[in-house]
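One letter stands for each residue in the lines below.
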Amino acid sequence: MNVRVYVTPKQGILDPQGATVERALPALGFQGVKDVRIGRFIELTLDMPQGATPEAADALVDDMCKRLLANPIIEDYTYAIDEG
Amino acid sequence: MSAATEPVRFGLVVFPGSNCDTDAFQAVATFPGATARYLWHKDTGFDDIDAVILPGGFSYGDYLRCGAIARFSPIMDAVRGFAGDGGLVLGICNGFQILAEAGLLPGALIRNTCLTFVCRYVNLRVETTATPFTSACTPGERPRIVVKHNEGNYTADPETLARMKANDQIVLRYVDAAGEPTDAANPNGAVESIAGVCNEGRNVFGMMPHPENSVEDGLAGGTDGRCIFRSMIDHVLAARAAHGAGAGGDASRPAAAAGGAR
């Protein structure tokens, strides 16, 4: 199955890259832009044992995010798992 | 040789991508009462070490996040156990990032606000001498040493910060020439100008500036970094004396909070 993980700076945590891009866009004429947050997109393919439940895959990906892919002190994460 | 005259033994952890390990080794070697040896990241344990230093660099290429991969190195279990027993652990720059990722220190280090690598002298203010890493400093002392980093912007949530202040865990701040923690004097945007913090047990300390580059007279860096190493050495020797035992080893393991009493 294909997994897509999105990691973003936590609300309330300063995001220097997002702040810089937010200032740059109006300078190019793009008005009305706010709340720019720059994070990380991670794709991976996960081979689960035959007959594994979707819940098992979900728990595994959640654990990956907590322990390595995101730092829960400064980052939030979401993910999507596609069968096949 | 009595315990008091046996050298204080520093272990310097070398990760793939560490590049300040030799500087830290040389810094320790300038103290007559101290010896240094390298600890490889694949080692699963170490003996006869009084204090551990995680040096600066770009461990594992800083992939994913600075320190995120290094914290899973085999030696980090041993470092965690050593810290849990009250052993002194100093993280400098990337070492600070690793300790934060490992959860041995509160908070995290994120990208500098300026979005550029910063390499320059900073003025620091010692906020507390009640740690084994600053006990040889005078309160309010203002060491001038270098920073060199891209992700030195210290951050922590408000609850964590409040707890750290209540526990006197904020050890170093960036200040201006007058000793004030102004925005202009803050090289990376760190919350409340924080440059170094310790854990609640006070035996684990992380700092972004590099004391190991300021230990020798006659070289460009000055000697303002010496107080950090001096404090650690004094602490180990005092702990040995307090334990009274002849042997080094465990006798030199400090009680976690002993460093403050000077």
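How each quantity is defined
Residues numbered from 1 in each chain as written. Chains lettered and ligands numbered in written order. Predicted model: local features only at pLDDT ≥ 70, side-chain atom pairs only at ≥ 80, totals over all residues. Heavy atoms only, no water. Pairing = 2+ DSSP bridges. Helix = DSSP H or I, 4+ residues; strand = E, 2+ residues; numbered from the N terminus. Axes fitted to C-alpha atoms, helices over the stretch in contact; angles between N-to-C directions. 1 Å grid on protein atoms, 1.4 Å probe; cavity = no way out; pocket = protein on both sides within 12 Å on 5 of 7 lines; lining within 4 Å. Points joined across faces, edges and corners; volume = space filled by probe spheres on them. Nonpolar A, V, L, I, M, F, W, Y, C, P; charged D, E, K, R; others polar. pLDDT = per-residue confidence, 0-100. Contact = heavy atoms within 4.5 Å. Buried area = accessible area lost by both parts, 1.4 Å probe. Salt bridge = Lys/Arg side-chain N within 4 Å of Asp/Glu carboxyl O. Polar contact = N/O pair within 3.5 Å; in protein donor to acceptor, adjacent residues only side chain to side chain.

Residue and element names in this part refer to chain A. Taken in spatial order, the three strands make up an open sheet running β2-β1-β3, and their pairing is antiparallel. Both outer strands of the open sheet, β2 (40-45) and β3 (75-82), are each paired with one neighbouring strand and no more. Each strand axis lies, on average, 15° off the axis of its neighbour in the sheet, ignoring direction. Note that strand β1 (residues 2-9) and β3 share eight bridges and pair antiparallel. If you follow Pro9 over to β3, its bridge partner there is Glu75.

All names here are of chain B. By the definition in use, this model includes one cavity of 30 Å³ or more. In this structure, the largest cavity is lined by Leu124, Pro143, Ile145, Leu172, Met207, Pro211, Asp224, Gly225, Cys227 and Ile228. Here the lining of the largest cavity is built from residues that sort into eight nonpolar, one polar and one charged.

Let's shift gears to the confidence of the model for chain B. Averaged over every residue, the pLDDT of chain B is 92; residues scoring 70 or more account for 92%. Note that residues 246-252 of chain B has pLDDT below 50 and, in this model, 17 contacts with residues that lie over four places away or in other chains.

With 15 residues of chain A in contact, the opposing surface of chain B contributes 16 residues. Each partner contributes to the roughly 1,300 Å² buried at the junction of chain A and chain B, and carbon and sulfur atoms together form 65% of this total. On the chain A side of the interface with chain B, the three residues burying the most area are Pro16, Leu68 and Ile73 of chain A, jointly 34% of the side's total. For the interface between chain A and chain B, the tally reads one salt bridge. Residues Arg65 of chain B and Glu75 of chain A are paired through a salt bridge, measuring 3.7 Å at the closest nitrogen-oxygen approach. Summed over the shared surface of chain A and chain B, the result is five residue pairs in polar contact (both at pLDDT 80 or more). At the level of elements, α1 (16-27), β2 and α2 (54-69) of chain A are the ones that each hand at least two residues to the side of chain A that touches chain B. Among the residues making up the side of chain A that touches chain B, the classes are represented as nine nonpolar, three polar and three charged.

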